[in-house]
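Okay, here's what each chain looks like letter by letter:
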Amino acid sequence: MTATVVDFDQVSKNYGSVRAVDGLTLALHPGETVALLGPNGAGKSTTLDLLLGLKRPDGGKVAILGTDPREAIVAGRVGAMLQSGGLMDEVTVAELVRLARDLHPRPYAVTDVLARAGISQLADRKVDKLSGGQAQRVRFALATAGDSDLIVLDEPTTGMDVSTRQAFWATMREQADQGRTVLFATHYLEEADAIADRVLVLHRGRLLADGTAAEIKAKAGVRRISFDLYDDRIDEPTLRGLPSLSGLHISGRTVRIQSSDADATVHALYGLGLHPRNLEVAGLGLEQAFVAITEAEEARTP
Ligand SMILES: Nc1ncnc2c1ncn2[C@@H]1O[C@H](COP(=O)(O)OP(=O)(O)OP(=O)(O)O)[C@@H](O)[C@H]1O
């Protein structure tokens, strides 16, 4: 059986009357790259804080590799990169990385850490002279200053430019390929789609969806249909009457539809005697699926 790296068992956390995390049960395994998604206030940061032992749950239990999160951190099992992590001023990048690796039970060489984070050329730069994206890379270097089993990242690529972001994710992929578990919270859904092999959707502190990006898209249950009408009059009320329609957009001769049952919609389309050309049926993108899932939940529990 595969060991469990992260284990949340019925975990809850309240801030006064706000239930930030609500009975969360979750297990993460070695080598998984997991994206944590959720609208603002869904409980992502609180979940990561509970995981890192920065907050204590009001109910339930959090474990990392079967031990208390704080113990796991002291043992160097976890590398973390948090949004709020301020960097020490008045020191150079290399000095700061050296400090982090000196505190790690299984440290890497400073030059390797700098190279992996793509900041070798910034080694002698004072930390307070870094750009936002460079500071993010330094935080990343601190999170990977030693050999950890779990890497936790809270919105890691905020402020990174496109090429820095790509290099960052390539490095993270390597970390996961070596058997480490990578858990990251993000608002960039295309990033989750491209990088994560497992996606968690959190909403009001509860897990709404847990699966591959493809499974989350399928869960949204909506498909996009598009086609061109060259030979027929485009009659909007008739198109609106198609079964299972949840959206209709007409632009010139092109019709775009969202449908909860694409087979039924397309069948009825031909039944109207229309002659659609360039017909395409596709699933939702992860971003649209995320919106559909969270909005459906909002409608269910206002
Ligand atoms: N220290 C705190 N005191 C009171 N309420 C808090 C505190 N921290 C978070 N909350 C509340 O708990 C809920 C979850 O917040 P959290 O920061 O975990 O969400 P998030 O998913 O990380 O949001 P975002 O995407 O905006 O960063 C929110 O309603 C938030 O207002």
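- In the nomenclature of an unreviewed UniProt entry, the chain corresponds to ABC transporter ATP-binding protein from the organism Streptomyces ferrugineus.
- Database annotation for the chain, UniProt heading Subcellular location (unreviewed entry): "Cell membrane".

1. Observations concerning the sheet that holds strand S5 (residues 78–81)
Part 1: Taking strand neighbours across the sheet as the criterion, the six strands line up as S5-S6-S7-S3-S8-S9 in an open arrangement whose pairing is mixed. Of all strands in the sheet, those with a lone pairing partner are S5 and strand S9 (206–211), marking the two edges. Ignoring which end each strand starts from, the neighbouring axes of this sheet average 15 degrees apart.
Part 2: Here strand S3 (residues 33–37) runs beside strand S8 (residues 198–203); their pairing, made up of four bridges, is parallel. Paired with leucine 37 across the strands is valine 201, a residue of S8.
Part 3: The strands that helix H1 (residues 44–51) touches are S3, strand S6 (150–154), strand S7 (181–185) and S8; relative to S6, the one it contacts most, it runs at about 150 degrees.

2. Topic: the site of the ligand
Part 1: Surveying the vicinity of the ligand reveals the residues Tyr15, Val18, Ala20, Gly38, Asn40, Gly41, Ala42, Gly43, Lys44, Ser45 and Thr46.
Part 2: When contributions to the shell around the ligand are tallied by element, the ones reaching two or more residues are strand S2 (18–28) and H1.
Part 3: The leading source of residues in the shell around the ligand is H1, at three residues.
Part 4: Taken together, the residues of the shell around the ligand break down into four nonpolar, six polar and one charged.

3. A few points about the nonpolar core
Part 1: The biggest cluster of nonpolar side chains holds 70 residues, and the ones touching the most others in it are Ala35, Leu37, Val97, Ala141 and Val152.
Part 2: Take this core: its biggest share by element is six residues, from helix H5 (residues 132–143).
Part 3: The residues touching valine 97, leaving out its near neighbours within four places in the chain, are Val110, Val113, Leu114, Ala141, Leu142 and Ala145.
Part 4: Core analysis: the second largest hydrophobic core is formed by seven residues, Ile225, Leu229, Val255 and Val266 among them.

4. Points about the sheet that holds S2
Part 1: Spatially, S2-S1-S4 is the arrangement adopted by the three strands of the open sheet, whose pairing is antiparallel. The open sheet terminates on both sides in strands that have one partner only, identified here as S2 and strand S4 (59–64). For this sheet, the mean angle separating the axes of adjacent strands, direction not counted, is 25 degrees.
Part 2: In the sheet, strand S1 (residues 6–15) pairs with S2 via seven bridges, with the strands oriented antiparallel. Looking at S2, one finds that valine 6 is bridged to leucine 28.
Part 3: H1 rests against S1, S2 and S4 of the sheet, and its axis sits at about 60 degrees to S2.

5. A short note on the pairing of S8
Part 1: The buried count for S8 comes to five of six residues, which makes it a mostly enclosed element.
Part 2: Alignment of S8 against S9, held across five bridges, turns out to be antiparallel. Its bridge partner lying in S9, valine 201 is registered against alanine 209.
Part 3: Where S8 folds back on S9, the antiparallel hairpin that results is connected by two residues, among which arginine 204 adopts a positive phi of roughly 45 degrees.

6. A word on the environment of proline 107
Part 1: Examined against the element boundaries, proline 107 turns out to sit in the loop between helix H3 (93–102) and helix H4 (110–116).
Part 2: By C-beta crowding, proline 107 is classed as partly exposed, having 18 other C-beta atoms within 10 Å.
Part 3: For the pair proline 107 and glycine 76, spaced 31 residues apart in sequence, the C-alpha to C-alpha distance is 9.0 Å.
Part 4: Beyond its immediate chain neighbours, meaning those up to four positions away, proline 107 contacts Arg101, Asp102, Ala145 and Gly146.

7. Focus: unusual backbone geometry
Part 1: Here the phi dihedral of leucine 65 falls at roughly 50 degrees; this positive angle occurs in a residue that is not glycine.
Part 2: Inspection of the secondary structure puts leucine 65 in the loop between S4 and helix H2 (69–74).

8. Some points on the packing of helix H8 (residues 213–220) against helix H11 (residues 286–300)
Working note: a packed helix pair is described by the angle between its axes plus the distance between those axes.
Part 1: With their axes 8 Å apart at the nearest point, H8 and H11 run at an angle of 50 degrees to one another. Judged on the interaxial angle alone, H11 and H8 are oblique. Crossing of H8 against H11: the hand is left-handed. Listed contacts from H11 to Ala213, Ile216, Lys217, Lys219 and Ala220 of H8 are Leu286, Ala289, Ala292 and Ile293.
Part 2: When the residues that make up the contact of H8 with H11 are grouped by side-chain class, the tally is seven nonpolar, no polar and two charged.

9. A short note on the confidence of the model for the chain
Part 1: Looking at the chain, pLDDT values average 90 and 98% of them are 70 or higher.
Part 2: Across the chain, element-level confidence peaks in S1 with a mean pLDDT of 97 and bottoms out in H11 with 82.
Part 3: This prediction of the complex comes with two scores: 0.83 for pTM and 0.96 for ipTM.

Quick notes on the rules
- Residues numbered from 1 in each chain as written.
- Predicted model: local features only at pLDDT ≥ 70, side-chain atom pairs only at ≥ 80, totals over all residues.
- UniProt positions renumbered as here; feature names shortened; annotations may be inferred.
- Pairing = 2+ DSSP bridges.
- Helix = DSSP H or I, 4+ residues; strand = E, 2+ residues; numbered from the N terminus.
- Axes fitted to C-alpha atoms, helices over the stretch in contact; angles between N-to-C directions.
- Contact = placed C-beta atoms within 7 Å.
- Near = placed C-beta within 6 Å.
- Nonpolar A, V, L, I, M, F, W, Y, C, P; charged D, E, K, R; others polar.
- Core = buried A, V, L, I, M, F, W, Y, C linked by C-beta atoms within 7 Å.
- Buried ≥ 20, exposed ≤ 12 C-beta atoms within 10 Å, placed from the backbone.
- Parallel < 35°, antiparallel > 145°, perpendicular 65-115°, else oblique.
- Left-handed = near helix turned anticlockwise from the far one by under 90°.
- pLDDT = per-residue confidence, 0-100.

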